[in-house]
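# Working through the structure, step by step
This is what each chain is made of:
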Amino acid sequence: TIQMIALISYLLEVKQLPGPYLVIVPLATLSNWQLEFSRWCPDAATIVYKGTPDGRKELFENEMGGNADPAIRYSSPPFNVVLTTYELVMKDRARLKKWKYAYIVIDEGHRMKNAASKLSATLLQYDAAHRILLTGTPLQNSLGELWALLNFLLPKIFASADTFETWFTAPLAQAGGGQDDASLTEEETLLVINRLHQVLRPFLL
């Protein structure tokens, strides 16, 4: 949480990038994120998007400039950060996707490992220059889950799950492999892992 807020603070203060930044978190941690933003990045105009349907509508119209001319709303919103939950980015996507975000940040990003989930499908409708997934949860041994995360981060590059899987099976086919995963030799397994590391290195901190 603090590292992410420090990054946003750096982008605001040093890089002069006002955002907007969309930070999506579990409901249970929303108040903690709000507290940490106020403590570590107090100069950021932060909207905590939550509440009743009427309360969110009022927030959108009065504090987020939702009723402003689209050209103005798009280029210079009256806020830097929108802090909200998974449920509300899906429920209120018609409102929240009206901006082009500098960054979309997803806490507990492993929730995006199912590319067919409603959350993944919804967030791919949002426009953002950059996307960050925060997670401390390791993936299972599944290329499909890994592809789903990378597809969210860079959908134009990681557009096809089948192509992604081919990147790792092609070297084995060339080497005369072709067995299923259960019968990979130790050498073949190391080859796949090495290639995975090469692909992932630019995307991980």
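These figures come from a predicted structure and were not determined experimentally.

What follows is about the pattern of salt bridges. For the structure on display, the rule yields 4 salt bridges. Taking the shortest distance from any N to any O, the salt bridge between R56 and D92 comes out at 2.6 Å. Note that R56 is positioned in helix 3 (residues 53–63) and D92 in the loop between helix 5 (86–91) and helix 6 (93–96), a separation of 36 residues in sequence. When its relative accessible area of 8% is taken as the criterion, D92 is described as buried. Residue E61 pairs with K57 through a salt bridge whose shortest N-O separation is 3.0 Å. Of this pair, E61 and K57 both sit in helix 3, 4 residues apart, which is roughly one turn of the helix.

Mean pLDDT over the protein chain works out to 82, with 85% of the residues at or above the 70 mark. When the elements of the protein chain are averaged for pLDDT, helix 4 (residues 70–75) gives the smallest value, 59, and strand 1 (residues 21–25) the largest, 95.

It is worth spelling out the side chain of R56 at this point. Residue classification places R56 among the buried residues on the basis of a relative accessible area of 6%. Apart from residues lying up to four places away in sequence, R56 is in contact with Y49, K50, G51, L88, K91, D92 and R95.

Across the 5 residues that make up strand 3 (residues 81–85), a large majority, 5, are buried. Where burial is concerned, the two faces of strand 3 agree: the one with V81, L83 and T85 and the one with V82 and T84 are both buried. Pairing between strand 1 and strand 3: 5 bridges, direction parallel. If you follow I24 over to strand 3, its bridge partner there is T84.

It is worth spelling out the nonpolar core at this point. V89, I104, I106 and L123 are the most contacted members of the largest nonpolar core, which totals 38 residues. When residues of this core are assigned to their parent elements, the largest contribution, 7 residues, is made by helix 8 (residues 143–153). If near-sequence neighbours (up to four positions away) are discounted, I104 is found in contact with L22, I24, Y126, A128, H130, R131, I132 and F152. F37, A44, V48 and V105 belong to the second-largest nonpolar core, a separate cluster that totals 20 residues.

Glancing now at helix 1 (residues 2–13). Under the 1.5 Å per step criterion, the end-to-end length of helix 1 is 16 Å for 12 residues, consistent within 8% with the ideal 16 Å. The complete set of buried residues in helix 1 reads M4, I5, I8, S9, L11 and L12. For helix 1, the angular spread of the buried residues around the axis is 165°, confining them to a single face. With respect to the buried face of helix 1, the exposed residues turned more than 90 degrees away are Q3 and E13.

Let's shift gears to unusual backbone geometry. Between G19 and the following residue, P20, the backbone shows a cis peptide bond with an omega angle of 0°. Along the chain, the position of P20 falls in the loop between helix 1 and strand 1. Located in the positive-phi region is Q16, a residue other than glycine, with phi close to 55°. Mapped onto the secondary structure, Q16 falls in the loop between helix 1 and strand 1. The residue E108 is not glycine, and still its phi comes out positive at about 55°. Relative to the helices and strands, E108 resides in the loop between strand 4 (100–107) and helix 7 (118–123). Look at E108 and you get partly exposed, because its relative accessible area is 28%.

For the rest of this paragraph, the subject is the layout of surface pockets. The space that makes up the second largest pocket amounts to roughly 280 Å³. Of all the elements, strand 5 (residues 127–134) adds the most residues to the lining of the second largest pocket, at 6 residues. Of the residues that constitute the lining of the second largest pocket, the class distribution is 10 nonpolar, 1 polar and 3 charged.

Okay, the packing of aromatic side chains next. Tallying each qualifying case throughout the model produces 5 aromatic pairs. Arranged with centres 6.3 Å apart and planes meeting at 35°, the rings of W33 and F37 form a pair that is tilted. With a gap of 4 residues between them, W33 and F37 both fall in helix 2 (residues 30–40), about one helical turn apart. In this structure W33 comes out as buried when scored by relative accessible area, which is 1%. Judged by relative accessible area, F37 falls into the buried class, the value being 1%. Taken together, F60, F79 and W99 form an aromatic cluster joined through their ring pairs.

Definitions and cut-offs
- Residues numbered from 1 in each chain as written.
- Predicted model: local features only at pLDDT ≥ 70, side-chain atom pairs only at ≥ 80, totals over all residues.
- Heavy atoms only, no water.
- Salt bridge = Lys/Arg side-chain N within 4 Å of Asp/Glu carboxyl O.
- Helix = DSSP H or I, 4+ residues; strand = E, 2+ residues; numbered from the N terminus.
- Buried < 20%, exposed > 50% of the residue type's maximum accessible area, 1.4 Å probe, protein only.
- pLDDT = per-residue confidence, 0-100.
- Contact = heavy atoms within 4.5 Å.
- Pairing = 2+ DSSP bridges.
- Core = buried A, V, L, I, M, F, W, Y, C linked by side-chain atoms within 4.5 Å.
- Expected span 1.5 Å × (residues − 1).
- Arc of directions from axis to C-beta.
- 1 Å grid on protein atoms, 1.4 Å probe; cavity = no way out; pocket = protein on both sides within 12 Å on 5 of 7 lines; lining within 4 Å.
- Points joined across faces, edges and corners; volume = space filled by probe spheres on them.
- Nonpolar A, V, L, I, M, F, W, Y, C, P; charged D, E, K, R; others polar.
- Phe/Tyr/Trp six-rings, centres within 6.5 Å; stacked < 30°, edge-to-face > 60°.

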